[in-house]
Each structure stands twice: as C-alpha cells, then as structure tokens.
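Listed below, chain by chain, are the residues.
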Amino acid sequence: MKKTMYNLATMWLTLSVIFFLCEYVTGMLQVVTLGGLVAGSFIEGAFMCLGLKLMHVIVDKKFLLTRLQELAKRRNDSLKAMLVMAAFSLEGAVTVCRMLPGYDLNFGIMHGIFLLLLYPAAAIFLDKLMLKEQMEHGN
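In this report, the structure presented in the accompanying data block is examined. (Residues numbered from 1 in each chain as written. Predicted model: local features only at pLDDT ≥ 70, side-chain atom pairs only at ≥ 80, totals over all residues. Heavy atoms only, no water.)

**Points about a nonpolar patch on the surface**
Residues Trp12, Leu13, Val17, Leu21, Tyr24, Val25, Leu34, Val38 and Phe42 make up a contiguous nonpolar surface patch of roughly 870 Å² in combined accessible area. Mapped onto the nonpolar patch, the elements with two or more residues apiece are helix H1 (2-25) and helix H2 (34-58). In terms of residue count, the dominant contributor to the nonpolar patch is H1 (six residues). Among the structural elements, Val17 can be located in helix H1. (Patch = residues over 30% accessible without salt bridge, like charges linked within 9 Å, V, L, I, M, F, W, Y side chains within 5 Å. Areas by Shrake-Rupley, 256 points an atom, 1.4 Å probe, with all protein chains shown as cover. Salt bridge = Lys/Arg side-chain N within 4 Å of Asp/Glu carboxyl O. Helix = DSSP H or I, 4+ residues; strand = E, 2+ residues; numbered from the N terminus.)

**Overview of the pattern of salt bridges**
Applying the stated rule across the entire model yields one salt bridge. With a shortest N-O distance of 3.9 Å, Lys80 and Asp77 are connected by a salt bridge. Here Asp77 and Lys80 lie together in helix H4 (residues 75-99), a separation of three residues that amounts to about one turn.

**Digging into the nonpolar core**
Counting 28 residues, the largest nonpolar core has Leu15, Phe19, Met28, Leu52, Met55, Met85 and Phe114 as its most contacted members. No other element matches helix H5 (residues 109-137), which puts seven residues into this core. Contacts of Met55, omitting those with residues within four sequence positions, involve Leu64, Ala81, Val84, Met85, Ile124 and Asp127. (Core = buried A, V, L, I, M, F, W, Y, C linked by side-chain atoms within 4.5 Å. Buried < 20%, exposed > 50% of the residue type's maximum accessible area, 1.4 Å probe, protein only. Contact = heavy atoms within 4.5 Å.)

**Regarding the packing of H1 against H2**
Put simply, H1 and H2 touch, their axes get as near as 7 Å, and they point 130° apart. Classified by the interaxial angle, the pair formed by H1 and H2 is oblique. At the point where H1 passes H2, the crossing takes the right-handed sense. For the contact of H1 with H2, the class distribution of residues is 16 nonpolar, four polar and three charged. (Axes fitted to C-alpha atoms, helices over the stretch in contact; angles between N-to-C directions. Parallel < 35°, antiparallel > 145°, perpendicular 65-115°, else oblique. Left-handed = near helix turned anticlockwise from the far one by under 90°. Nonpolar A, V, L, I, M, F, W, Y, C, P; charged D, E, K, R; others polar.)

**Thoughts on the environment of Leu100**
Residue position: Leu100 is located in the loop between H4 and strand E2 (104-105). Leave out the neighbours within four places in its chain, and Leu100 touches Gly36, Ala39, Gly40 and Ile43.

Written out as structure tokens, the structure reads:
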C-alpha cells in the first residue's frame, strides 16, 4: 500500500510539473502570481490522476497490460483512453480558470494540441511505465 501511494504521489507531481512547465514557458494560461501557477498546476495534476483512475475502469484490463509497442493494435482501447484523458485535461484547465482568481485561458491551436493530445499521451505513457514497474516488482 505504501508503494502504491508513493507511485500515485509521484505521478501527481510529475503531471503537475509537466503542466507547470507548459504554463510557465507559453502564454496558455495567464496567471497573476507564481504561487497561483503552482496551485493551478497541482490541481490540474490531480484532475489527470483522477482521469487515469477512471481510464482504468473504462478501458479493457488487457490494454493496461499491453506493451507500449503493441498499443497500435488495440485502437479502440487506445482511443477510449485518449478521450478520457483529453476530457480530464481540458476540464481541469477550465476548472482551474473558473475557480482560481487571476487565471485567464488563452486557448489557441498549439494549446489545444497540448491539452488534447500531448498531455494526455504523456499521462498514459507514464501510467503504463508505472504499471510495468509495479508488475515487475510484484506490487
């Protein structure tokens, strides 16, 4: 149980850092303070972790155990996983903009690609790496 909680916290922190870097480097979300940027990134990371847990329920269990090289063969499950994660990614960004003061979402084509393709793909990739590590060590 301790290792599972550690992996979840690591996943949350990693996804938050990815989102933070995208926000900080680009003008996707305009924020008044750096503290607000960090808080919004942690909230977005939490949304993505919730999305990953929902993805585990929706997609076939064989998809979760499939190697990364074989994902193209499981198109339906890959599409379901990407749709779930894209929905949580976009909803997380919109919720952060609504709930935290000083946030303004500037949604352009590059930010859409990040929120709907790159960020969800990175989350799925990291989740598969974490599952692989858990399977190898018997946790």
